[in-house]
Amino acid sequence: MQTAPRTADRTDHQLGIVEQSAFFGNEAQKLFGVLHLPLGRPSSSAVVICPAICTESLTTYRNDVLLARTLASRGIAALRFHYRGTGHSDGQEETMTFDAMREDTLAAVAYAAAQTGIAGPALLGTRFGALVAASAAAELPETPLLLWEPVLEARRYFREAWRASMMFKVREGVSPGAGGLAGQLERDGVVDVLGYPIWRPLYESSIDRTLLDEVGASARPILLAHGEGATAVSAALAEAARTLRERGWAVDVEVFAHPFVWWFVGHSQWEQIQLHVDELVRRTVEWADSRLTRPVAA
Amino acid sequence: MSTERTARIRDFIVDELRWDGPREQLTEDYPLISSGVIDSLGLFRIVGFLEEEYGIEIPDDELLPENFETLGAIAKLAER
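Section: the pattern of salt bridges
Then, in step 1: Counted under the stated rule, the structure contains 29 salt bridges over all chains.
Then, in step 2: Arg187 of chain A is the partner of Asp188 of chain A in a salt bridge, and the nearest nitrogen-oxygen pair spans 3.2 Å.
Then, in step 3: Since its relative accessible area comes to 43%, Asp188 of chain A is described here as partly exposed.
Then, in step 4: Overall, Arg187 of chain A belongs to the exposed group, its relative accessible area being 56%.
Then, in step 5: With a closest N to O distance of 2.4 Å, Asp11 of chain B and Arg23 of chain B form a salt bridge. With Asp11 of chain B in helix α1 (residues 3-15) and Arg23 of chain B in the loop between α1 and α2 (40-54), the pair connects residues that are twelve residues apart, well separated along the chain.

Written out as structure tokens, the structure is:
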């Protein structure tokens, strides 16, 4: 019989939530997660949050915490977790692969379901985490998806990562040097992007993936959240939404008036972006409340 | 060098990057990076803007400090 994991709990009476930190999953390689629950009442539904990676994991961490707390205060359980090789979870970042991240997400879904009694938690992903969430959801028919500024093509994502790293060096007055991300990975096996390494296994296991390929065939409700900036990105997202609707998906798109660029820390537009993040959290919770919640038995 | 292109880039810096100094301060040779007008995020967004606005792709080996230090340098980069 599987025993419940030991948890370290924090109660927030003002928000009406309790937060349970725990290690769960495979005994050989444990995952760390924080489950946010409504205080003193059952959850009406649940969401598993797939975090961003690399430097975006740092700049979006607070967003995920805000979201999880707000969801729980509205009666929706929310599980945040760290992929193996990141944060407090076991494993080595050098061996991270896309498939492993998908497995971790499925383990997180199983854990959230077991702890809350909610069958079929929804999946939310930010940026690269959105690609992972979509891939995991493909194995869970009808699981709703909520995707924040989703990576539509992994190839484009890694190009952006490289560009972001180069722009930081340009800002510092340093010529970035030749080679490109793929070239450096081929040569060294790892590339530093703004202080976060991208290792070859993650790159090679991800590079050809696209959101529309990963989501699979099973139609489901989906929320796409996007901050307007580059027209090409907005057009690509609109095209993805159109394609999913043609496949029978119930697609909602929420657009925000400022681009969500999370590559950098402490830049001049940080406060602007965070204002829109507060709105992003609010609109996401509203969507979850209307699309996911089901009446709780008396 | 196209003054229209320079003006368009200036507009982007003022309107999209929210430069709140006087527009006329952003002359063609005003030092944008060393004076703090644009930071890493600004540079990142400028590159995206140039590629989209002018239908070009800026090769990685052109992403050099000297190509972004002034409005004039950025406009020249976009014309290559």
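Here we look at the sheet that holds strand β6 (residues 122-126) of chain A
All names here are of chain A.
Then, in step 1: With mixed pairing, the nine strands of this open sheet are ordered in space as β1-β2-β3-β5-β4-β6-β7-β10-β11. Each edge of the sheet is formed by a strand with only one pairing partner; in this case those strands are β1 (7-12) and β11 (250-256). Each neighbouring strand pair of the sheet contributes to a mean axis angle of 15°, computed without reference to strand direction.
Then, in step 2: Where strand β3 (residues 31-38) meets strand β5 (residues 76-81), four bridges bridge the pair, whose relative direction is antiparallel. Across the sheet, Gly33 pairs through a bridge with Phe81, a residue of β5.
Then, in step 3: Packing against the sheet, helix α4 (residues 128-137) makes contact with β4 (45-50), β6 and β7 (145-148), and its axis sits at approximately 155° to β6.
Then, in step 4: Contacting β5, β6, β7, β10 (221-227) and β11, helix α10 (residues 270-291) runs over the sheet at an angle of about 160° to β11.

Some points on the state of the cysteines
Then, in step 1: Tallied over the full model, the rule gives zero disulfides over all chains.
Then, in step 2: Free of any disulfide, Cys50 of chain A has its nearest cysteine sulfur in Cys54 of chain A, 15 Å distant.

Here we look at the side chain of Thr105 of chain A
All names here are of chain A.
Then, in step 1: Tracing the chain through its elements places Thr105 in helix α3 (residues 98-116).
Then, in step 2: A relative accessible area of 0% means that Thr105 is categorised as buried.
Then, in step 3: A distance of 2.9 Å separates a polar atom in the side chain of Thr105 from the backbone oxygen of Met101.
Then, in step 4: Excluding anything up to four places from it in sequence, Thr105 contacts Cys50, Phe81, Tyr83, Leu123, Val132 and Ala136.

What counts and what doesn't
Residues numbered from 1 in each chain as written. Chains lettered and ligands numbered in written order. Predicted model: local features only at pLDDT ≥ 70, side-chain atom pairs only at ≥ 80, totals over all residues. Heavy atoms only, no water. Salt bridge = Lys/Arg side-chain N within 4 Å of Asp/Glu carboxyl O. Buried < 20%, exposed > 50% of the residue type's maximum accessible area, 1.4 Å probe, protein only. Helix = DSSP H or I, 4+ residues; strand = E, 2+ residues; numbered from the N terminus. Pairing = 2+ DSSP bridges. Axes fitted to C-alpha atoms, helices over the stretch in contact; angles between N-to-C directions. Contact = heavy atoms within 4.5 Å. Disulfide = S-S within 2.5 Å. Polar contact = N/O pair within 3.5 Å; in protein donor to acceptor, adjacent residues only side chain to side chain.

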